[in-house]
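Geometric and topological summary
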Amino acid sequence: MRNILRDPQPVLDELRETYGPVVGLGAGPMRMAIVGEPDALRELFSTPVDAFKWGHKFNVLGFVVGDGSMIVSDGPDHKRRRASVLTAFSRRRLNGWIPTIVALTDEAIDELGAPTVPVDMYRFGRKLILHIVVRTIFGARMAERADEFGDLFERPQAYLESPALRQLPHRIPYTRRARVRADRAAIDAIIDGEIAHHRANPETDPESLLAALVTNEGLSDAEIRDQVVTLIGAGYDTTSASLAWMLWRATLTPGVWDRLRSEADQQLGDRVDEPVLARLEYANHVMRETLRLHPAGVIAPREAATDVAIGKYTITKGTLILWSAYLAGRDPEAWPEPLRFDPDRFADADARTRAETAWVPFGRGARNCIGFALAQMELTLIIARVAQRLDLVPVTSTVPRPVGMVVNRPEGGAPMRVTVRKEEEHADG
Ligand code: HEM
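About the criteria used
- Residues numbered from 1 in each chain as written.
- Predicted model: local features only at pLDDT ≥ 70, side-chain atom pairs only at ≥ 80, totals over all residues.
- Pairing = 2+ DSSP bridges.
- Helix = DSSP H or I, 4+ residues; strand = E, 2+ residues; numbered from the N terminus.
- Buried ≥ 20, exposed ≤ 12 C-beta atoms within 10 Å, placed from the backbone.
- Contact = placed C-beta atoms within 7 Å.
- Near = placed C-beta within 6 Å.
- Nonpolar A, V, L, I, M, F, W, Y, C, P; charged D, E, K, R; others polar.
- Arc of directions from axis to C-beta.
- Axes fitted to C-alpha atoms, helices over the stretch in contact; angles between N-to-C directions.
- Core = buried A, V, L, I, M, F, W, Y, C linked by C-beta atoms within 7 Å.
- Parallel < 35°, antiparallel > 145°, perpendicular 65-115°, else oblique.
- Left-handed = near helix turned anticlockwise from the far one by under 90°.

**Some words on the pairing of strand E2 (residues 30-35)**
Relative to E2, strand E1 (residues 22-27) runs antiparallel, the two being bridged by 6 bridges. The residue of E2 that forms the bridge with Val-22 is Val-35. Counting the residues between successive antiparallel strands, the hairpin from E1 to E2 contains 2 residues, one of them, Gly-28, with a positive phi of roughly 55°. Pairing analysis gives 4 bridges linking E2 to strand E8 (residues 320-323), with the strands arranged parallel. Pairing of Val-35 across the sheet is with Trp-323, part of E8.

**Concerning the environment of Gly-365**
Inspection of the secondary structure assignment puts Gly-365 in the loop between helix H16 (349-358) and helix H17 (372-389). Residue classification places Gly-365 among the exposed residues on the basis of 12 C-beta atoms within 10 Å. With 318 residues separating them in the primary sequence, Gly-365 and Thr-47 have C-alpha atoms 8.7 Å apart. Residues in contact with Gly-365, not counting those within four places in the same chain, are Phe-45 and Ser-46.

**Points about the environment of Ala-347**
Along the chain, Ala-347 falls in the loop between helix H15 (325-329) and H16. With 12 C-beta atoms packed within 10 Å, Ala-347 lands in the exposed category. Put simply, Ala-347 and Arg-31 are 316 residues apart on the chain and 40 Å apart in space, counted from C-alpha to C-alpha.

**Let's talk about the pairing of E8**
Of the two faces of E8, the one holding Leu-320 and Leu-322 and the one holding Ile-321 and Trp-323 are both buried throughout. As paired elements, strand E5 (residues 300-304) and E8 share 4 bridges and run antiparallel to each other. By the bridge assignment, Arg-302 is partnered in E8 with Ile-321.

**Some remarks on the site of the ligand**
Taken together, 26 residues lie near the ligand, and Gly-235, Gly-363, Cys-369, Gly-371 and Ala-375 sit nearest. Elements that contribute at least two residues to the shell around the ligand include exactly helix H11 (221-252), E5 and H17. Ranked by residues supplied to the shell around the ligand, first place goes to H11 with 7 residues. Classifying every residue of the shell around the ligand by side-chain character gives 14 nonpolar, 9 polar and 3 charged.

**Re helix H2 (residues 38-46)**
Within H2, burial applies to Pro-38, Ala-40, Leu-41 and Leu-44. End-on, the buried residues of H2 take up no more than an arc of 150°, which puts them together on one face.

**Side note on the sheet that holds E2**
Taken in spatial order, the 5 strands make up an open sheet running E1-E2-E8-E5-E3, and their pairing is mixed. Looking at strand neighbours, the two that pair on one side only are E1 and strand E3 (52-53), the edges of this open sheet. Relative to the sheet, H2 contacts E1, E2 and E8, its axis offset from that of E2 by approximately 115°.

**Some thoughts on the sheet that holds strand E4 (residues 119-120)**
The strand order E4-E12-E9 describes an open sheet built from 3 strands, whose pairing is antiparallel. For this open sheet the edge positions go to E4 and strand E9 (390-394), each flanked by a neighbour on one side alone. Looking at chain direction, E9 and strand E12 (residues 415-420) are connected through 5 bridges and run antiparallel. Paired with Leu-392 across the bridge in E12 is Val-418.

**Quick look at the nonpolar core**
Grouped together as the largest cluster of nonpolar side chains are 117 residues, with contacts concentrated most on Val-35, Leu-260 and Ile-383. Those residues in contact with Val-35 that lie beyond four places of it in its chain are Val-22, Ala-40, Leu-41, Leu-44, Ile-310, Ile-321, Trp-323 and Ser-324.

**Thoughts on the packing of helix H7 (residues 121-143) against H11**
Viewed as axis vectors pointing N to C, H7 and H11 meet at an angle of 140°, and their least axial separation amounts to 8 Å. Taken as axis vectors, H7 and H11 run oblique relative to one another. For the pair H7 and H11, the crossing hand works out as right-handed. Contacts from Met-121, Tyr-122, Gly-125, Arg-126, Ile-129, Leu-130, Val-133, Val-134 and Ile-137 in H7 reach Leu-231, Ile-232, Gly-235, Tyr-236, Thr-239, Ser-240, Leu-243, Ala-244 and Leu-247 in H11.

**Structural notes on unusual backbone geometry**
The phi dihedral of Glu-337 falls on the positive side, at around 45°, and the residue is not glycine. As for its placement among the helices and strands, Glu-337 is situated in the loop between H15 and H16.

As structure tokens, this is what we get:
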């Protein structure tokens, strides 16, 4: 049980090998259920959400995102908080950001210059995706503070990955926990300044979700801050880990980079319009295939608030349910040769149908990932543009070991030798 919360992947593989994809662990007040079988997951996601609790005692996220965050709340509080930010994720609004996402990717590529030493493309992606998330959700003004947010989030995110014992609540000064509390206070101070700006200048920045949140009488300032921290924190750590895995897989699997590039050369010209996303079909399949093998959340926790029946199993009240997109994505019944990286498995209609239950990197149902469409859009556009403009050669020829329990990422990042492709080599899209 200790290992599963520290380094989950090898434990999940071993448990599945020995017992199958649905496993109960522990005894007495400390019980866990691993659920990684696609049909069982379909049942789990269609069970009414009041059968579960997200604000449970093992939810360590609350220390960083705040007790008022939707991600650790339940019932009417959760509904109200989630509803307050939904406008930022409407399909129409997201589609409007497509040219900006490509433009920000171009800026990040231009900033690379002509590097003579390997570049950590994981770091490259973190910075880029942080800027995209802050810009698209909170507007240009807040985006100017994106690097400050990045620095202030580093320590809290590392702390959430530290062993559970280190994270026991206390208020002892000069400890890692105290420093994380101070980082969160500094983040809050920036957000408070922005809240004050929007109150003083109402309706001047319709691009910013914050402009809408400050007019929402159902939310306290503390709740506004917690949702902002949640969206930034959850929005870039996960997506940039996924981009790093995509870069590893796409450069190490023969043929993938060339196909990404020729599709991008055909579809992604200098003028980028909204329909381009639908035309980047191969990039979309590379994204899906990467998230199948490397979902950012290997396990996601919720507590059973009542006894819950899943298939032939009863999960008793109080059990910590760890559902696993990782196990579902590697289920040998659902995916032929599950460990093979093959984006073309998403090209056929049968695979798409199977994916309905076995492809769940964003969860499903009322508590699914609120940023699922934004994340997929970013990953597809970024990989296409990067393949179009850069030659990347990883410094090693094997996919790294995964690390991270809250967010699963490649150990050591993604160090790669980078050559910028000459302008005249681009076919005109
Ligand atoms: C590849 C990128 C991402 C992955 C794999 C991912 C995955 C997930 C998963 C597995 C959940 C939990 C579902 C559950 O508990 O059942 C979740 C929840 C959430 N995600 Fe994401 N996510 C990603 C990107 C994003 C982005 C871009 C944002 C926002 C900008 C975001 C915001 C959230 C929020 C706020 C929740 C909590 C929703 C709620 O409790 O109602 N995520 N995500």
